[in-house]
Amino acid sequence: KQEVTQIPAALSVPEGENLVLNCSFTDSAIYNLQWFRQDPGKGLTSLLLIQSSQREQTSGRLNASLDKSSGRSTLYIAASQPGDSATYLCAVFFQGAQKLVFGQGTRLTINP
Amino acid sequence: NAGVTQTPKFRVLKTGQSMTLLCAQDMNHEYMYWYRQDPGMGLRLIHYSVGEGTTAKGEVPDGYNVSRLKKQNFLLGLESAAPSQTSVYFCASSYGSLGGNQPQHFGDGTRLSIL
């Protein structure tokens, strides 16, 4: 079964710290992996999309890496700010099932 | 600069009632999707469309119907609402297929309660 797991479910850190969010998936045959941000009561906003042929993508203070062989992706947030507080979701498009599978997210709180 | 717009934002229904959720996008996207988000279950795909006049079943299609009569609109219908359909419903759209290099754009959701 193709699954996406995000651990921990919640994370709280002081402002200014660099942090890493984790995403693992059960099948290395993927087309792409996306990281989304979801604010309370809102929809998902796409942050970064990494295609299967890529190793990482960067946008501002965010850097996402992909290691297909180990079934892992990380989202690195530099110099965290209170405005970064949100739930971060990882989604993987699996080749076999032709299906986009979402993780359940990590709820991130940045404390001033 | 609207992106994906969902109406209504909130709704309470009684068991057995019917309703339609509307999704509109102004980005000329071919692909549109309906998801439901439930605690502990993540987002699950209900139905999707790869273009005007087409629809297809997703992971959890039972109890729902959809229509894509115009490219910019994707409607989700509940014919006879059940308490198990209490959820937050999200519409999304994308320029290309999910396996490509184009991200999905999401609406802000419809919070639906079935009593």
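Heads up: these notes are all about the structure in this document. Keep in mind that this is a model prediction, so the values were computed, not measured.

## Quick notes on the overall build of chain A
Here is step 1 of the chain: Within chain A, the regular secondary structure consists of 0 helices and 11 strands.
Here is step 2 of the chain: Ordering the α and β elements of chain A from the N terminus gives β-β-β-β-β-β-β-β-β-β-β.
Here is step 3 of the chain: Rg of the C-alpha trace for chain A: 13 Å, near the compact-globule value of 13 Å for 112 residues, within the 12% margin.
Here is step 4 of the chain: In terms of overall dimensions, chain A has C-alpha extents of about 45 × 25 × 20 Å along its principal axes.
Here is step 5 of the chain: Sorting the 112 residues of chain A into buried and exposed places 42% on the buried side.
Here is step 6 of the chain: For chain A, the share of sequence-separated contacts (at least 6 apart) that also reach a separation of at least 24 residues comes to 56%.
Here is step 7 of the chain: Summed over all atoms, the accessible surface of chain A reaches about 5200 Å², with 46% contributed by carbon and sulfur.
Here is step 8 of the chain: The distance from the centre of the 9 positive side-chain charges to the centre of the 8 negative ones in chain A is 6 Å.

## Comments concerning the nonpolar core
Here is step 1 of the chain: Ranked by internal contacts, the top residues of the largest apolar core, which has 24 residues, are Val4, Phe25, Leu33, Trp35, Leu75, Ile77 and Val92 of chain A.
Here is step 2 of the chain: Residue assignment for this core shows that the elements contributing at least two residues are strand 3 (19-25), strand 4 (30-38), strand 5 (44-51), strand 7 (62-67), strand 8 (72-77), strand 9 (86-94) and strand 11 (106-111) of chain A.
Here is step 3 of the chain: Per-element accounting of this core gives the leading share, 5 residues, to strand 9 of chain A.
Here is step 4 of the chain: Once you skip the residues sitting within four places of it in the chain, isoleucine 77 of chain A turns out to touch Glu17, Asn18, Leu19, Leu21, Arg61, Leu62, Asp84, Tyr88 and Leu108 of chain A.
Here is step 5 of the chain: Core analysis: the next-biggest nonpolar cluster, separate from the first, contains 18 residues, Leu13, Trp34, Cys91 and Leu112 of chain B among them.

## Focus on the side chain of arginine 68 of chain B
Residues and elements named next belong to chain B.
Here is step 1 of the chain: Locating arginine 68 in the fold gives a position in the loop between strand 7 (64-67) and strand 8 (73-78).
Here is step 2 of the chain: At 5.4 Å, glutamate 30 is the nearest oppositely charged side chain to arginine 68, a buried residue that forms no salt bridge.
Here is step 3 of the chain: Reaching out from arginine 68, the side chain makes a polar contact with the backbone oxygen of glutamate 30 at a distance of 2.8 Å.
Here is step 4 of the chain: A distance of 2.7 Å separates a polar atom in the side chain of arginine 68 from the backbone oxygen of lysine 71.

## Examining the packing of aromatic side chains
Here is step 1 of the chain: By the definition in use, this model includes 8 aromatic pairs over all chains.
Here is step 2 of the chain: Aromatic pair tyrosine 31 of chain A and phenylalanine 93 of chain A: ring centres 5.6 Å apart, planes at 35 degrees, arrangement tilted. Highlighted residues: tyrosine 31 of chain A in strand 4 and phenylalanine 93 of chain A in strand 9, separated in sequence by 62 residues.
Here is step 3 of the chain: The class of phenylalanine 93 of chain A is buried, set by a relative accessible area of 6%.
Here is step 4 of the chain: Both rings, one in phenylalanine 102 of chain A and one in tyrosine 35 of chain B, keep their centres 5.5 Å apart while their planes meet at 85 degrees; by these two values the pair is edge-to-face.

The rules behind each value
Residues numbered from 1 in each chain as written. Chains lettered and ligands numbered in written order. Predicted model: local features only at pLDDT ≥ 70, side-chain atom pairs only at ≥ 80, totals over all residues. Heavy atoms only, no water. Helix = DSSP H or I, 4+ residues; strand = E, 2+ residues; numbered from the N terminus. Rg over C-alpha atoms; globule rule 2.2 N^0.38 Å. Buried < 20%, exposed > 50% of the residue type's maximum accessible area, 1.4 Å probe, protein only. Contact = heavy atoms within 4.5 Å. Areas by Shrake-Rupley, 256 points an atom, 1.4 Å probe, with all protein chains shown as cover. Lys, Arg positive; Asp, Glu negative; His and termini not counted. Charge placed at Lys NZ, Arg CZ, Asp CG, Glu CD. Core = buried A, V, L, I, M, F, W, Y, C linked by side-chain atoms within 4.5 Å. Salt bridge = Lys/Arg side-chain N within 4 Å of Asp/Glu carboxyl O. Polar contact = N/O pair within 3.5 Å; in protein donor to acceptor, adjacent residues only side chain to side chain. Phe/Tyr/Trp six-rings, centres within 6.5 Å; stacked < 30°, edge-to-face > 60°.

Note that all results are geometric; they support no functional claim without further evidence.
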